[in-house]
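Here is what each chain is made of, one letter per residue.
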Amino acid sequence: MATIRSSRRESSTAGESFHRTPFLEKLAAWILLATATVAPWIGGAPTLFPGVRWWLSAALTSAFVLMLSARLIRRRRPRLPLAALIPSVFLLGCLGWWATQDELPFATSFGAEHWAFLTANTPNSLFQWPRPERLTFFACLIPGFLAAIDLGRREKFRRQVGFALGLSALGVAVYAHGLAWLGWTNPAWVLINNGPESFNVCFDHYSGPPAALNLAWPLLIFGAGAGRSRWGIFTRVAALVVIGSAFPLWDSAAGKAIAIGLLLAGLGWKIGASRKWLTPRITALALVATFLILFVSQAWIVSRMQSASPDNWVSADNTLSHSAERDAEVRNRAGKRGDHLAMSTVPDRPSAWLAAARMAADYPLLGFGPGAWVKRSALYTHNSIVSTFFHYRQYAHHDLLQFAAEWGGLAAIAMMSLWVGGAWRALHRDEKEPRAEAGLVLALLGVALHSTVDFPLQNPAIQLWTALLLGLAWSGTRGKNSLSPRPAKVSNQ
């Protein structure tokens, strides 16, 4: 009997000790929260701060190292699902390989010449950074993602992430109102243009703020930590009003439409969950149907464009062999305008999608890596706007296609597995309460939809936010991962 009491006391003491959050784990969590809060303000546009992506990279890596150290000290393995760890290691391997390669040259002489013109004449319109910094930032996003998986076991950390993103987004919305109505000026350290970018606050393109807000507000309104008290409801409604009223300040039809869609989907989710007919399988099928319809529609748009205005593209090698004549023709047309833009009557966005799809098809295994679109996209299109407009020079306006074009097919499959697996895990985390992860899933849905028509996932701040939210989607709970100490054996003596 004494042995039984002793075992119970040991088990109780071990349980109490386990539930005390170690200092290193707390520090890792606070680093991630602080990084998420400040990311848009220092990483959403070119700034006067030199090497700011290095700062963000160091913070993400530090959080991972601290989390790992906390686990090793307690002789516990990090709770990282193999289905998330294997693609992450593969993507890290890809980045390591590209780091050993020489920087990719421009495919054509006009491409290099035109980029030099843009760099010299419109530097604030370009949001590119040195290759080592870019590869390092992507490499550090992955440890940050893994740290969020492990730390996300704690419900408190999940609520804190939602609050950090919501607070930062609320600050962007308030500042945008100040720019529009109170005569405020842009943050002194941010380098952005006027015109469509006037109210961007801290993002390089007017699609950035709506994409960031759509990542944050579903966590405040539909997240698991959203309070149900009168004060909680009031603060959520107030935040929604402030954030929602900022959307008209930006010329982003996609951001506005997605915000409305997320609000309707969230309300439908709550109603379906309360009436007990909404299941994870139904929700997953709805998500699959949404993207299937979207991709089929985009393929139809591209096909219709090609039927109406065929560009007679043959291959990248063929374009390269005739690049001298094409360069001369586009150079002549671009030289007639001060901004060196060569206009085209063919739709630009579907042309960019088609170019990205062609480039992705050329690299079914491994591409040239992040930044390759700037150097190689001219070989895959005959549309002069895609070849000369500064935004199309940088972005395909379809992040999935650009990722596949730059990283290659295997890396695209690995990345897609992280998205699909994360959504599946989030939907099945608590099947008794389908509303528990509504905010998280809707936030990821919003940025995924926006990334198929613009380029939010080319922005470092939104990349960082998305990586953390994907980590929360993959994380389990203590109960499901059996993280509590094993009960002590009971002796019969």
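Residues numbered from 1 in each chain as written. Predicted model: local features only at pLDDT ≥ 70, side-chain atom pairs only at ≥ 80, totals over all residues. Heavy atoms only, no water.

Things to note about the overall build of the chain
Within the chain, the regular secondary structure consists of 22 helices and zero strands. By the burial criterion, 51% of the 493 residues in the chain qualify as buried. Of the contacts made within the chain by residues no fewer than 6 positions apart, 82% connect residues no fewer than 24 positions apart. Here the chain has roughly 22,800 Å² of accessible surface; of this, 64% comes from carbon and sulfur atoms. (Helix = DSSP H or I, 4+ residues; strand = E, 2+ residues; numbered from the N terminus. Buried < 20%, exposed > 50% of the residue type's maximum accessible area, 1.4 Å probe, protein only. Contact = heavy atoms within 4.5 Å. Areas by Shrake-Rupley, 256 points an atom, 1.4 Å probe, with all protein chains shown as cover.)

Observations regarding the confidence of the model for the chain
The pLDDT averaged across the chain works out to 90; a share of 90% of its residues lies at or above 70. Within the model, pLDDT remains below 50 along residues 1-19, and this stretch shows 21 contacts once partners closer than five positions in the same chain are excluded. (pLDDT = per-residue confidence, 0-100.)

Let's talk about the environment of A139
One can find A139 in helix α6 (residues 131-151). Residue classification places A139 among the partly exposed residues on the basis of a relative accessible area of 22%. It is 9.2 Å that separates the C-alpha atoms of A139 and G93, two residues lying 46 residues apart in sequence. Apart from residues no more than four positions distant in its own chain, A139 is found in contact with L92 and L95.

Here we look at the nonpolar core
Grouped together as the largest cluster of nonpolar side chains are 116 residues, with contacts concentrated most on F145, W465 and L469. The contact partners of W465, leaving out residues within four places of it in the chain, are A36, A39, P40, L165, S168, A169, A212, L215 and A216. Core analysis: the second largest hydrophobic core is formed by five residues, W115, F117, L126 and V374 among them. (Core = buried A, V, L, I, M, F, W, Y, C linked by side-chain atoms within 4.5 Å.)

Description of helix α10 (residues 253-274)
Between its first and last C-alpha atoms α10 spans 32 Å; for 22 residues at 1.5 Å apiece the expected length is 32 Å, and the two agree. Turning to α10, its buried residues number three or more, namely G255, I258, A259, L262, G266, W269, G272 and A273. Along the axis of α10, the buried residues cluster in a sector spanning 160 degrees; they form a single face. Across α10 from its buried face, at more than 90 degrees, point the exposed residues A253, I260 and L264. Immediately beyond the C-terminal end of α10, within one or two residues, lies K276, with a positive phi of roughly 70 degrees. (Expected span 1.5 Å × (residues − 1). Arc of directions from axis to C-beta.)

Observations regarding the side chain of H397
One can find H397 in the loop between α17 (390-394) and α18 (399-407). At 3.3 Å, the side chain of H397 forms a polar contact with the backbone oxygen of Y395. With near-sequence residues (within four places) excluded, H397 lies in contact with R349, W353, H391, Y392, T452, V453, D454 and F455. (Polar contact = N/O pair within 3.5 Å; in protein donor to acceptor, adjacent residues only side chain to side chain.)

Quick word on the environment of A273
By secondary structure assignment, the location of A273 is in helix α10. Separated by 163 residues in sequence, A273 and A436 have C-alpha atoms that sit 9.8 Å apart.

A look at the packing of helix α7 (residues 155-181) against helix α21 (residues 460-474)
Interhelical geometry of α7 versus α21 gives an angle of 155 degrees and a closest axis separation of 11 Å. Between α7 and α21, the interaxial angle falls into the category roughly antiparallel. Crossing angle aside, the handedness with which α7 passes α21 is left-handed. Between α7, through F157, R158, V161, L165, S168 and A169, and α21, the contact on the second element is made entirely by W465, L469 and L472. Per-class residue counts for the contact of α7 with α21 are seven nonpolar, one polar and one charged. (Axes fitted to C-alpha atoms, helices over the stretch in contact; angles between N-to-C directions. Parallel < 35°, antiparallel > 145°, perpendicular 65-115°, else oblique. Left-handed = near helix turned anticlockwise from the far one by under 90°. Nonpolar A, V, L, I, M, F, W, Y, C, P; charged D, E, K, R; others polar.)

A look at the environment of V441
Along the chain, V441 falls in helix α20 (residues 438-450). What makes V441 buried here is its relative accessible area of 7%.

As for the packing of helix α19 (residues 409-427) against α21
With their axes 7 Å apart at the nearest point, α19 and α21 run at an angle of 50 degrees to one another. By the angle between their directions, the pair α19 and α21 is classed as oblique. Two packed elements cross with a definite hand, and for α19 against α21 that hand is left-handed. Within the contact between the two elements, α19 uses S417, L418, W419, G421, G422, R425 and A426 and α21 uses T466, L470, A473 and W474. Across the contact of α19 with α21, the residue classes tally to six nonpolar, four polar and one charged.

Things to note about the layout of surface pockets
Roughly 1,000 Å³ of volume is contained in the largest pocket. Residue lining of the largest pocket: 44 residues in total, with M415, M416, W419, L457 and L470 positioned closest to the centre. Elements with a contribution of two residues or more to the lining of the largest pocket: α4 (82-99), α6, α11 (280-308), α18, α19, α20 and α21. Broken down by element, the residue count for the lining of the largest pocket peaks at nine residues, all from α19. Classifying every residue of the lining of the largest pocket by side-chain character gives 33 nonpolar, eight polar and three charged. (1 Å grid on protein atoms, 1.4 Å probe; cavity = no way out; pocket = protein on both sides within 12 Å on 5 of 7 lines; lining within 4 Å. Points joined across faces, edges and corners; volume = space filled by probe spheres on them.)

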